[in-house]
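Structural overview for review
Given next are the chains, with one letter for each unit.
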Amino acid sequence: MAMRLAAAAVILSLFASSALAEKLVTIESKHSVKESLDRLTAALDQRGIKPVARVDHAAGAKAVGMELPPTEILIFGNPKLGTPLMQANPEVGIDLPMKVLAWQDKAGKVWVAYTAPDALKARYDIADRDEGFKAMAAALQALTQAASGQ
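Calculation criteria
- One numbering rule holds for all chains: residues counted from 1, following each sequence as written.
- Totals for whole chains, interfaces and linings use every residue, but because this is a predicted model, local features are given only for residues with pLDDT of at least 70 and side-chain atom pairs only at 80 or more, for both listing and counting.
- To get the side-chain values, all heavy atoms of the structure are used, and hydrogens and water are removed first.
- Between N-to-C directions, angles span 0 to 180 degrees; the directions come from axes that are lines fitted to C-alpha atoms, helices contributing only their stretch in contact.
- To qualify as a helix, a DSSP run of H or I must reach at least 4 residues; to qualify as a strand, a run of E must reach at least 2; elements of each kind are numbered from the N terminus.
- To sort the angles, those under 35 degrees are grouped as roughly parallel, those over 145 as roughly antiparallel, those from 65 to 115 as roughly perpendicular, and the leftovers as oblique.
- Throughout, a crossing is termed right-handed when the near helix is turned clockwise from the far one, and left-handed when it is turned anticlockwise from it by less than a right angle.
- Here a residue-residue contact requires only that any non-hydrogen atoms of the pair lie within 4.5 Å.
- Two strands are said to pair when DSSP picks up at least two bridges between them.
- Using a 1.4 Å probe on the protein chains alone, a residue whose accessible area is under 20% of its type maximum counts as buried, one over 50% counts as exposed, and one in between counts as partly exposed.

1. Remarks on the packing of helix H2 (residues 33–46) against helix H6 (residues 130–148)
- Relative to each other, H2 and H6 sit at 135°, their axes nearing to 7 Å. Classified by the angle between their axes, H2 and H6 sit oblique to one another. Considering how the two elements wind past one another, H2 and H6 form a crossing that is right-handed. Residue-level contacts link Ser-36, Arg-39, Leu-40, Ala-43 and Leu-44 of H2 to Leu-143, Ala-146 and Ala-147 of H6.

Take a look at the structure:
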């Protein structure tokens, strides 16, 4: 019985991990965490988009006596894309503005990731704003490629 429960727990864990992975778009960066988000900020500036906030999670950890590899998140948005989504379902506002996370893993590789717009579409059951989601996906792809040097 214990073996069955353990096996079920492993299978459930794998399923949950892959479900989460499908909701994030993750790419390797050729740059440090800081430089990746600096590059993202520059790419946003070129498009006339101002970041809302930048959070240094590693600095926050250090402030409470804990360690965390370089990990930062940049929050930014485009009201022309986000507003129609919130008009369709205000709950999507919990995930807007968009965020790009950059972190360094244990092997020293740097990654950038964002929530896939299709995941937002499904999560908030927004069926009539496909063009907005497509535009968001294209923008996030271009921005994270610029940030990562891909």
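Structure's up, so let's keep going.
2. A short note on the sheet that holds strand S1 (residues 24–29)
- Pairing is antiparallel across the open sheet formed by five strands, whose spatial order is S1-S5-S4-S3-S2. Of all strands in the sheet, those with a lone pairing partner are S1 and strand S2 (51–56), marking the two edges. Each neighbouring strand pair of the sheet contributes to a mean axis angle of 15°, computed without reference to strand direction.
- As paired strands, S1 and strand S5 (residues 110–115) are joined by six bridges and run antiparallel to one another. Each residue of the ladder has a partner; that of Glu-28, found in S5, is Trp-111.
- Contacts from H2 reach S1, S2, strand S3 (71–76), strand S4 (98–104) and S5, with the element oriented near 10° to S3.
- Lying on the sheet, H6 is in contact with S1, S3, S4 and S5; it crosses S5 at an angle near 170°.

3. Focus: the environment of Ala-119
- Within the fold, Ala-119 resides in helix H5 (residues 117–123).
- Owing to a relative accessible area of 12%, Ala-119 belongs among the buried residues under this scheme.
- Distance in space between the C-alpha atoms of Ala-119 and Lys-23 is 5.4 Å, their sequence separation being 96 residues.

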